[in-house]
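Overview (structure and organization)
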Amino acid sequence: METQASQILQFIRPSGIFSAVLVLAITWLLGRILNHLTGRLAASFGRQRLLIRQTASLLRFGLYVLGVLVGLRLIFDVSSEVLAVVGGTIVVTVGLVLKDQAASILAGITILVEKPFRVGDRVSFGGYYGDIRSIGLRSVRLVTLDDNEVTIPNSKFLSDPVASGNSGEFTMLVQQDFLIGFDQDVEKAKRLVEEALTSSCYFSLSKPWSVLVNQVVVDATVAVRLRAKAYVIDLSYEKQFESDVAQRVLDVFRYEKIRMPFHMTNI
């Protein structure tokens, strides 16, 4: 390893180190400016925010890759003779030292090409649930619904499953369960849940919706489950939609004297 490292040091241009640092600093600054500008554009043009963020992520990724390549070109003397002599040594040494970073960069490229999710998607991964803020060289930034930013290495997404709730679209399916007693008026309860769904200001008319009825056992008690499945008009209103429908259903059930399973009414 020491011999390989000494061979590489022979071909480092000391005069190019400052220039390379300057290029990387400018690249970082341009990435920040791009992030700021696209953030303002996304806030101003709400219906195009997913496209704006996805485009910005691609541009930022390409900018960082270009900056790193230019920086390496300034530091190392990469003439054809040098490449022929120590090219293999450089690849092996850098690969050993930066294998994790290289894996993350390759994983980032794979994510951008295969698109298991996109910037702006609402995803569930590793116990976290939130929106993809950016896809970078080394990591993905996810913002949870309680406004915590989580940084996840790109390589994690190649081995662990990730669920995307909207797959690049604004609308997203929201599922809610309501339990009532086995002896209650099921048809009436189902109709009331349907009315609560369709009367919500967050309900999407352009997508299919349904209320499914099933018999379930909860804590050794037989109950009827009403499962409401509908799309919210914009994924950013997911929790507002859930809260609005739940409040409407609870209020109308109380008014119509439709009761929950017996064991739940005694909690």
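Counting starts from 1 at the beginning of each chain's written sequence and moves along it residue by residue. Whole-chain, interface and lining totals are the exception, using all residues; otherwise, since this is a predicted model, local features are given only for residues with pLDDT of at least 70 and side-chain atom pairs are given and counted only at 80 or more. Side-chain measures here rest on the full set of heavy atoms in the structure, leaving out hydrogens and waters.

**A look at the overall build of the protein chain**
Worth spelling out the cut-off: Helix and strand definitions here come from DSSP, where helices need a minimum of 4 consecutive H or I residues and strands a minimum of 2 consecutive E residues; each element is numbered from the N-terminal end. Burial classes: relative accessible area under 20% of the type maximum marks a residue as buried, over 50% as exposed, and values in between as partly exposed (1.4 Å probe, protein chains only). Note on contacts: a residue pair qualifies if any of its non-hydrogen atoms lie within 4.5 Å across the two residues. Note that accessible areas follow from Shrake-Rupley with a 1.4 Å probe, and for residues the cover is restricted to the protein chains shown.
From N to C terminus, the protein chain includes 9 helices and 8 strands. Of all 267 residues assigned to the protein chain, the portion counted as buried reaches 34%. Sequence-distant contacts, at least 24 apart, represent 68% of the contacts inside the protein chain between residues at least 6 apart. Carbon together with sulfur atoms contributes 59% to the accessible area of the protein chain, which is approximately 15900 Å² in total.

**Thoughts on helix α7 (residues 186–198)**
Put simply, the rule reads: For a helix, the expected span equals 1.5 Å multiplied by the number of residues minus one.
The end-to-end C-alpha separation of α7 is 18 Å, in line with the 18 Å expected for 13 residues at 1.5 Å each. Each element contacted by the buried residues of α7 is listed here: β6 (172–181), β7 (210–218), β8 (221–232) and α8 (238–255).

**Things to note about the sheet that holds β6**
For the record, the criterion: Strands were regarded as paired on the criterion that DSSP finds at least two bridges between them. Note on geometry: axes are C-alpha line fits, over the in-contact stretch for helices, and angles between N-to-C directions span 0 to 180 degrees.
Spatially, β6-β8-β7 is the arrangement adopted by the 3 strands of the open sheet, whose pairing is antiparallel. Each having just a single partner strand, β6 and β7 make up the two edges of the open sheet. On average, each strand axis in the sheet is tilted by 25 degrees relative to the strand beside it, whichever way the strands run. Pairing geometry for β7 and β8, over 9 bridges, is antiparallel. Paired with Val-218 across the two strands is Thr-221, which belongs to β8. Packed onto the sheet, α8 meets β6 and β8 and runs at close to 25 degrees relative to β6.

**As for the nonpolar core**
Basically, it comes down to this: Only buried Ala, Val, Leu, Ile, Met, Phe, Trp, Tyr and Cys residues count toward a nonpolar core, and they belong to the same one when joined by side-chain atoms within 4.5 Å.
In terms of nonpolar packing, the biggest core is built from 22 residues, with Val-193, Leu-226, Phe-241 and Phe-253 touching the most fellow members. Residue assignment for this core shows that the elements contributing at least two residues are β6, α7, β8 and α8. Once residues within four sequence positions are removed from consideration, Val-193 is found in contact with Phe-178, Val-211, Leu-226, Ala-228, Val-249 and Phe-253. Core analysis: the next-biggest nonpolar cluster, separate from the first, contains 15 residues, Phe-61, Ile-111, Ile-135 and Leu-137 among them.

**Description of the sheet that holds strand β3 (residues 139–144)**
Across the sheet, 5 strands lie side by side as β4-β3-β2-β1-β5; this open sheet has antiparallel pairing. Whereas interior strands pair on both sides, the edge strands pair on one side only; in this sheet they are β4 (149–153) and β5 (163–164). The sheet contact formed by β3 and β4 spans 5 bridges and is antiparallel. Residue pairing in the sheet places Ser-139 in a bridge with Pro-153 of β4.

**With respect to the pattern of salt bridges**
In plain terms, the rule: The salt bridge definition used is simple: a Lys or Arg side-chain nitrogen within 4 Å of an Asp or Glu carboxyl oxygen.
Taken as a whole and judged by the stated rule, the model has 10 salt bridges. A salt bridge links Arg-141 to Glu-149, with the shortest nitrogen-to-oxygen separation between them at 3.8 Å. Overlapping salt bridges, with partners in common, bring together Arg-122, Asp-131, Glu-238, Lys-239 and Glu-242 in one network.

**Digging into the packing of aromatic side chains**
Our working definition: Pairing of aromatic rings covers Phe, Tyr and the six-membered ring of Trp, with a centre-to-centre limit of 6.5 Å; geometry is then stacked below 30 degrees between planes, edge-to-face above 60, and tilted otherwise. Charge over a ring is defined by NZ of Lys or CZ of Arg lying within 6 Å of the ring centre and within 35 degrees of the ring normal.
The final tally for this structure, using the stated rule, is 4 aromatic pairs. On the numbers, 6.0 Å between centres and 85 degrees between planes, the contact of Phe-203 with Trp-209 is edge-to-face. Trp-209 gets classed as partly exposed once you look at its relative accessible area, which sits at 36%. What links up through ring pairs into an aromatic cluster is the set Phe-117, Phe-125 and Phe-157. When the ring centre of Tyr-231 is taken as origin, the NZ or CZ atom of Lys-207, which lies over that ring, is 5.4 Å away.

**With respect to a nonpolar patch on the surface**
Under the convention used in this document: Only residues whose relative accessible area exceeds 30% and that form no salt bridge are eligible for patches; like-charged ones are grouped when within 9 Å, while nonpolar side chains (Val, Leu, Ile, Met, Phe, Trp, Tyr) are grouped when within 5 Å.
On the surface, Phe-18, Leu-22, Ile-26, Trp-28, Leu-29, Leu-30, Ile-33 and Leu-37 cluster together into a nonpolar patch covering about 810 Å² of accessible area. In this structure, Ile-26 sits in helix α2 (residues 14–44).

**Observations concerning α8**
For the record, the criterion: The directions from the helix axis to the C-beta atoms are what the arc is built from.
In a regular helix each residue adds 1.5 Å, so 18 residues correspond to 26 Å; α8 covers 26 Å between its end C-alpha atoms and thus fits that length. For α8, the set of buried residues is Glu-238, Phe-241, Asp-244, Val-245, Val-249 and Phe-253. Buried residues in α8, looked at end-on, bunch into an arc of 150 degrees, giving them a common side. Exposed side chains of α8 directed beyond 90 degrees from the buried face belong to Arg-254 and Tyr-255. Residues of α8 that are buried in the fold lie against β1 (122–125), β2 (128–135), β6, α7 and β8. After α8 finishes, the residue Lys-257 shows a positive phi value of roughly 60 degrees.

**Structural notes on the environment of Leu-74**
With respect to the helices and strands, Leu-74 occurs in helix α3 (residues 49–75). For the pair formed by Leu-74 and Ala-20, sequence separation is 54 residues and the distance between their alpha carbons is 5.7 Å.

**Considerations on the environment of Asn-148**
With respect to the helices and strands, Asn-148 occurs in the loop between β3 and β4. For Asn-148, a relative accessible area of 43% translates into the label partly exposed. Look past the residues within four positions of Asn-148 in its chain and what remains in contact with it is Leu-142 and Val-143.

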